[in-house]
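# Descriptive analysis of the structure
Here are the chains, one letter per residue:
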Amino acid sequence: TIATLGQSLQVGWNQVSSSPPTPSSNTSMWNTGTNSWSTVVGDANIVFCNTMAELLQEDIRLVCAAVGGSALCPQSVNQLTPLNYWLTGQSGSPYYNFLQQLNNFGPPDLVLWNHGQQDYSDTTGSAYQTGLIQLYTGFLTACGKTAAQLPMVVFVSGAYAGSNTYATQIRQVQIDACSTPG
């Protein structure tokens, strides 16, 4: 079971083209509407799941919990959606919603974190790093797993055309997280 978390960069994996790839029969995706496993949708999700199933020779279950426009840290939250950040467990936040789903499908075996741009303007690199560690520690505790049992892969955010005061710092934190054992 692989959980994909983050913001719009990860949500983009759900986009469906006019000619999507065919999902492998040994892949499935969590459907929050029915609280059950169903066919994988989204071109990138399908390609990712099919590839992982082939490489690992295992069934792959995907949980998509990313939320567009979500921040990691509270200082970067959009004031119109004050709970749309990952470092709060308040009802309605992305983290809270993920934990509610977790009760239905069980702990994942891998977390993919694809996030960063929402925090570019208001979160320093050190604050983002502290937040990322806090988030990961919370996932481990909630899942009852160790870092060896539940790795988290951090994607490096892309460039952003708007005001991006801390973009370089945050991308460096993500690069460092990608290259740090454990």
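Right above here is the structure, for reference.
Rules used in this analysis
- Residues numbered from 1 in each chain as written.
- Predicted model: local features only at pLDDT ≥ 70, side-chain atom pairs only at ≥ 80, totals over all residues.
- Heavy atoms only, no water.
- Helix = DSSP H or I, 4+ residues; strand = E, 2+ residues; numbered from the N terminus.
- Rg over C-alpha atoms; globule rule 2.2 N^0.38 Å.
- Buried < 20%, exposed > 50% of the residue type's maximum accessible area, 1.4 Å probe, protein only.
- Contact = heavy atoms within 4.5 Å.
- Areas by Shrake-Rupley, 256 points an atom, 1.4 Å probe, with all protein chains shown as cover.
- Expected span 1.5 Å × (residues − 1).
- Core = buried A, V, L, I, M, F, W, Y, C linked by side-chain atoms within 4.5 Å.
- Axes fitted to C-alpha atoms, helices over the stretch in contact; angles between N-to-C directions.
- Parallel < 35°, antiparallel > 145°, perpendicular 65-115°, else oblique.
- Left-handed = near helix turned anticlockwise from the far one by under 90°.
- Nonpolar A, V, L, I, M, F, W, Y, C, P; charged D, E, K, R; others polar.

All right, on to the overall build of the protein chain then. From N to C terminus, the protein chain includes five helices and six strands. Seen in sequence order, the protein chain has helices and strands lined up from the N terminus as β-α-β-β-α-β-α-β-α-β-α. Here the C-alpha atoms of the protein chain give a radius of gyration of 16 Å, agreeing with the 16 Å that 2.2 N^0.38 yields for 182 residues. Along the longest, intermediate and shortest principal axes, the C-alpha atoms of the protein chain span 45 × 40 × 35 Å. Out of the 182 residues belonging to the protein chain, those deemed buried represent 41%. Residue pairs at least 24 apart in sequence account for 69% of intrachain contacts in the protein chain once pairs closer than 6 positions are excluded. Total accessible area on the protein chain stands at roughly 8900 Å², and carbon and sulfur atoms take up 53% of it.

Here we take up helix α4 (residues 125-143). Under the 1.5 Å per step criterion, the end-to-end length of α4 is 27 Å for 19 residues, consistent within 8% with the ideal 27 Å. Taken together, the buried positions of α4 are occupied by G125, Y128, G131, L132, L135, Y136, G138, F139, L140 and C143. In this structure, the buried residues of α4 make contact with β1 (2-6), α3 (94-105), β5 (110-114), β6 (152-154) and α5 (167-179).

Following the sequence through the fold, Y95 ends up in helix α3. The exposure class assigned to Y95 is buried, which follows from its relative accessible area of 13%. The sequence separation of Y95 and N26 amounts to 69 residues, and the corresponding C-alpha distance is 28 Å. Here Y95 is in contact with W86, T88, G89, L135, G138, F139 and A142, once residues within four sequence places are set aside.

Grouped together as the largest cluster of nonpolar side chains are 28 residues, with contacts concentrated most on L5, W86, F98, W113 and F139. Those elements that provide at least two residues to this core are β1, α3, β5, α4, β6 and α5. Considering each element in turn, this core owes the most residues, seven residues, to α4. In this structure W113 touches L5, G6, L72, W86, Y128, L132, L135, M152, V153, V154 and F155, once residues within four positions along its chain are discounted.

Turning next to the environment of F105. Locating F105 in the fold gives a position in helix α3. Through-space distance from the C-alpha of F105 to that of L135 is 20 Å; in sequence the pair is 30 residues apart. When sequence neighbours within four positions are dropped, the list of residues in contact with F105 reads W30, W37, R61, V63 and F98.

Where α4 meets α5, the axes come as close as 8 Å, and the angle between the chain directions of the two elements is 40 degrees. In terms of orientation, α4 and α5 fall into the oblique class. The crossing of α4 and α5 is right-handed. Within the contact between the two elements, α4 uses G125, Y128, Q129 and L132 and α5 uses Q169, I170, V173, Q174 and A177. Of the residues belonging to the contact of α4 with α5, the class tally is five nonpolar, four polar and no charged.

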